[in-house]
Amino acid sequence: MADEVNPFESLQEQVDDAAAHVDVDPGVIERLKHPERVLETNLAVEMDDGALEVFHAYRSQFNGVRGPYKGGIRYHPQVTRDEVKALSGWMAVKCAVADIPYGGGKGGIEVDPDAYSASELERITRSFATELQPFVGEDRDIPAPDVNTGQREMNWIKDTYETLENTTEPGVVTGKAVESGGSEGRVEATGRSVMLTAREAFDALGKDIEGATVAVQGYGNVGSIAARLLEDIGARVVAVSDSSGAPYDPEGLDARAAKRTKDETGNVVDLDSPQTLTNDELLTLDVDLLVPAALENAIDETLAHEVSADIVVEGANGPLTPEADGVLTGQNVHVFPDVLANAGGVTVSYFEWVQNRQRFYWSEQRVNDELETVIVDAFDALREVFEERDVPNRRVAAYVLAIERIARSAEASGVWP
Ligand code: GLU
């Protein structure tokens, strides 16, 4: 993993790469290289033993021209201000590619959640929610889950906000449990859009997904669900991984059994399999489809030279460094970018928010059908830009599509003051 690559510089480079292909006011491009504002806060939280501990936390609000800021909150010991800024920019691009009415946002707390008890995590979360209260709201900024956060944390944020505001406003945060105002299908949504993107990609390239070999890096919410859904449409998942290593069987693994193993032992490598690989070995396997679904910068320039997959569908945000992206373009690897492939999460967050506001809840079938429409439409729009404009790869096509959509909204709104 290329730790030295600053994701915020990657975002700025990606915007510049696309800017060369769009006819947009340079001021709008410059705007899209910086967040509108960043909240940086230090949370002093009481631990179970009575001691106070301080946690650094951030919320970046990237761009609000298309609607409220939107994006997850991650808990990770390596969270930085620049990482959160980059992730918020990627959210703005993602929401524009999916054509849902949001700008981008992202938050993070520098914390290793495994090192704290549930009650400590609750106090940390409620403390952050209290700091966020003046900045968030159904029409302002809507957090959601991200790495190491889920329904439990979102329920706490909703409860803290509603208590402080003395109201009910479930749409202040998405990714909640169904009984706390969440949506059916939200947990699966990101993995589902990875599967849908892969299905459309194989179709567009004239390849058969039935029997196609797949390697999935990262076996959290995104990777494990993508693997299962890809298996359900006939693909053969040959390798999966988490930080413990990568079980590998050229004949195919059982994605559900891998998930059960991970749930039971905490390590996917405990799955019974003929071989065990490292994460880097998995990423360079000669497979039809590679799904990096862990963290950013998983594939750097050096590793990219060894990638042998035909198609890469990005489940994680920013798994390729810009240099790696260039190498894969040169090697004719078809890369379907994060801002399309993992847009299912935020899309079903949008459906959750719509349901919260209407106080009218949909069936899981309706959620999945509407999600499919959004992802297939986004795929087709991106494909049109890729095929009809002189752009080097699909990531640049996605940024061109997003920048043009954001610029059109900015132009329609005018400048104030
Ligand atoms: N954290 C997810 C993402 O990176 C979901 C964000 C959301 O639902 O707002 O897309």
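See the structure shown above.
Bear in mind the structure is a predicted one, so any value in this text is a computation, not a measurement. Chains are numbered independently. Their residues run from 1 in the order of the written sequence. In keeping with the model being predicted, local features are shown solely for residues with a pLDDT of at least 70 and side-chain atom pairs are shown and tallied solely at 80 or more, while totals for entire chains, interfaces and linings include all residues. Hydrogens and water molecules were not included; the side-chain quantities draw on all heavy atoms of the structure.

Chemist: Please provide a residue-by-residue account of the overall build of the protein, values included.
Modeler: Strands are runs of DSSP state E lasting at least two residues, helices are runs of H or I lasting at least four, and both sets are numbered from the N terminus onward. Of regular secondary structure, the protein possesses 15 helices and twelve strands. In terms of overall dimensions, the protein has a C-alpha envelope of 55 × 55 × 45 Å along the principal axes. Only protein chains enter the accessibility calculation, which uses a 1.4 Å probe; a residue whose area is less than 20% of its type maximum is buried, one above 50% is exposed, and one in between is partly exposed. Among the 417 residues that make up the protein, the fraction classed as buried is 60%. The contact rule is simple, with two residues in contact once any of their heavy atoms fall within 4.5 Å. Intrachain contacts of the protein at a sequence separation of at least 6 include 69% that bridge at least 24 residues. Here, Shrake-Rupley sampling with a 1.4 Å probe gives the accessible areas, and only protein chains in the shown set may cover a residue. Surface summary for the protein: the accessible area is close to 16500 Å², and the carbon and sulfur share equals 44%. In the protein, 36 side chains carry a positive charge and 76 a negative one; their mean positions are 6 Å apart. Think of it this way: Lys and Arg go in the positive column, Asp and Glu in the negative one, and His and the chain ends go nowhere. We put the charge of a Lys on NZ, of an Arg on CZ, of an Asp on CG and of a Glu on CD.

Chemist: Lay out the packing of helix α6 (residues 189-204) against helix α7 (residues 221-232) in plain terms, naming residues and giving numbers.
Modeler: At a minimum axis distance of 7 Å, the contact between α6 and α7 shows a crossing angle of 45°. By the criterion of interaxial angle, the relationship of α6 to α7 is oblique. As α6 packs across α7, the resulting crossing turns out to be right-handed. Here T190, G191, R192, V194, M195 and A198 of α6 lie close against α7, whose contacting residues are V222, I225, A226, L229 and L230. When grouped by side-chain class, the residues that make up the contact of α6 with α7 number eight nonpolar, two polar and one charged. Here an angle of 0 to 180 degrees is reported between the N-to-C directions of two axes, which are lines fitted to C-alpha atoms, with helices fitted over the stretch in contact. Angles below 35 degrees are treated as roughly parallel, those above 145 as roughly antiparallel, those between 65 and 115 as roughly perpendicular, and all remaining angles as oblique. Definitions for this section: a left-handed crossing has its near helix turned counterclockwise from the far helix by less than a right angle. A right-handed crossing has that turn clockwise. By the convention adopted, Pro, Cys, Tyr, Trp, Phe, Met, Ile, Leu, Val and Ala count as nonpolar, Lys, Arg, Asp and Glu as charged, and the other residues, Gly among them, as polar.

Chemist: Lay out the site of the ligand in plain terms, naming residues and giving numbers.
Modeler: Residues are labelled near a given molecule or strand when at least one of their non-hydrogen atoms is within 4 Å of it. Lining the immediate surroundings of the ligand are 14 residues, of which K70, K94, P145, D146 and S349 lie closest. Side-chain atoms alone can form a polar contact between residues adjacent in sequence; in general such a contact is a pair of N or O atoms within 3.5 Å, and within protein one must be able to donate a hydrogen while the other accepts it. K70 has a polar side-chain atom sitting 2.8 Å from an oxygen atom of the ligand. When grouped by side-chain class, the residues that make up the shell around the ligand number four nonpolar, five polar and five charged.

Chemist: So what's going on with the pairing of strand β10 (residues 289-292)? Residues and values would help.
Modeler: The two faces of β10 match: L289 and V291 on one face and L290 and P292 on the other face are all buried. In this sheet, β10 lies alongside strand β6 (residues 213-217) in parallel orientation, the contact comprising four bridges. The residue bridging Q217 from the neighbouring strand is P292, located in β10. Only strands joined by at least two bridges in the DSSP assignment are considered to pair. In this structure, β10 lies alongside strand β11 (residues 311-313), joined through two bridges in parallel fashion. Following the sheet pairing, L290 is matched in β11 by V312.

Chemist: How would you summarise a negative patch on the surface if you had to cite specific residues and measurements?
Modeler: Each patch is built from residues lacking any salt bridge and having more than 30% relative accessible area; the joining distance is 9 Å for like charges and 5 Å for nonpolar side chains (Val, Leu, Ile, Met, Phe, Trp, Tyr). Salt bridges are counted wherever a side-chain nitrogen of Lys or Arg sits within 4 Å of a carboxyl oxygen of Asp or Glu. Judged by side-chain charge, E9, E13, D17, E301 and E323 come together as a negatively charged surface patch. For the negative patch, the leading source of residues is helix α1 (residues 7-19), giving three residues. Relative to the helices and strands, E323 is located in helix α11 (residues 322-330).

Chemist: Which residues make up the pairing of strand β2 (residues 52-63), and what are the values?
Modeler: Strand direction decides the pairing type here: strand β1 (residues 37-46) and β2, joined by ten bridges, are antiparallel. Looking at β2, one finds that T41 is bridged to A57. Connecting β1 to the antiparallel partner β2 that follows it, the hairpin turn spans five residues, and G50 within it adopts a positive phi of roughly 95°. Here β2 runs beside strand β4 (residues 104-110); their pairing, made up of six bridges, is antiparallel. Across the sheet, the residue bridging to S60 is K106, located in β4.

Chemist: Run through α11, naming residues and quoting values.
Modeler: Among all positions of α11, only P322, A324, D325, V327 and L328 are buried. Looking at the buried side of α11, the elements it contacts are α1, α10 (301-304), β11, β12 (334-336) and α15 (394-413). Just past α11, the residue N332 takes up positive phi, approximately 60°.

Chemist: Any chance you could break down the packing of aromatic side chains for me, citing the residues and the numbers?
Modeler: One pair of aromatic rings is described through two measures. These are the centre distance and the angle between the planes. Under the pairing criterion, centres of Phe, Tyr and Trp rings, with the six-membered ring standing for Trp, must be within 6.5 Å; the plane angle then separates stacked pairs below 30 degrees from edge-to-face pairs above 60, leaving the rest tilted. Applying the stated criterion across every chain, the model contains seven aromatic pairs. Arranged with centres 5.2 Å apart and planes meeting at 70°, the rings of Y102 and W353 form a pair that is edge-to-face. Separated by 251 residues along the polypeptide, Y102 in the loop between α3 (81-98) and β4 and W353 in helix α13 (residues 344-358) bring together distant segments of the chain. Aromatic pair Y350 and W353: ring centres 6.1 Å apart, planes at 35°, arrangement tilted. One end of the pair is Y350 and the other is W353, both in helix α13 and three residues apart, which spans about a single turn. Classification of W353 by relative accessible area gives buried; the value is 10%. Ring pairing ties together the aromatic residues Y102, Y350, F351, W353 and W362, which thus form one cluster. By the criterion adopted, a ring carries a charge over it if an Arg CZ or a Lys NZ lies within 6 Å of its centre and within 35 degrees of its normal. Sitting over the ring of F8, K85 keeps its end group 4.3 Å from the ring centre.

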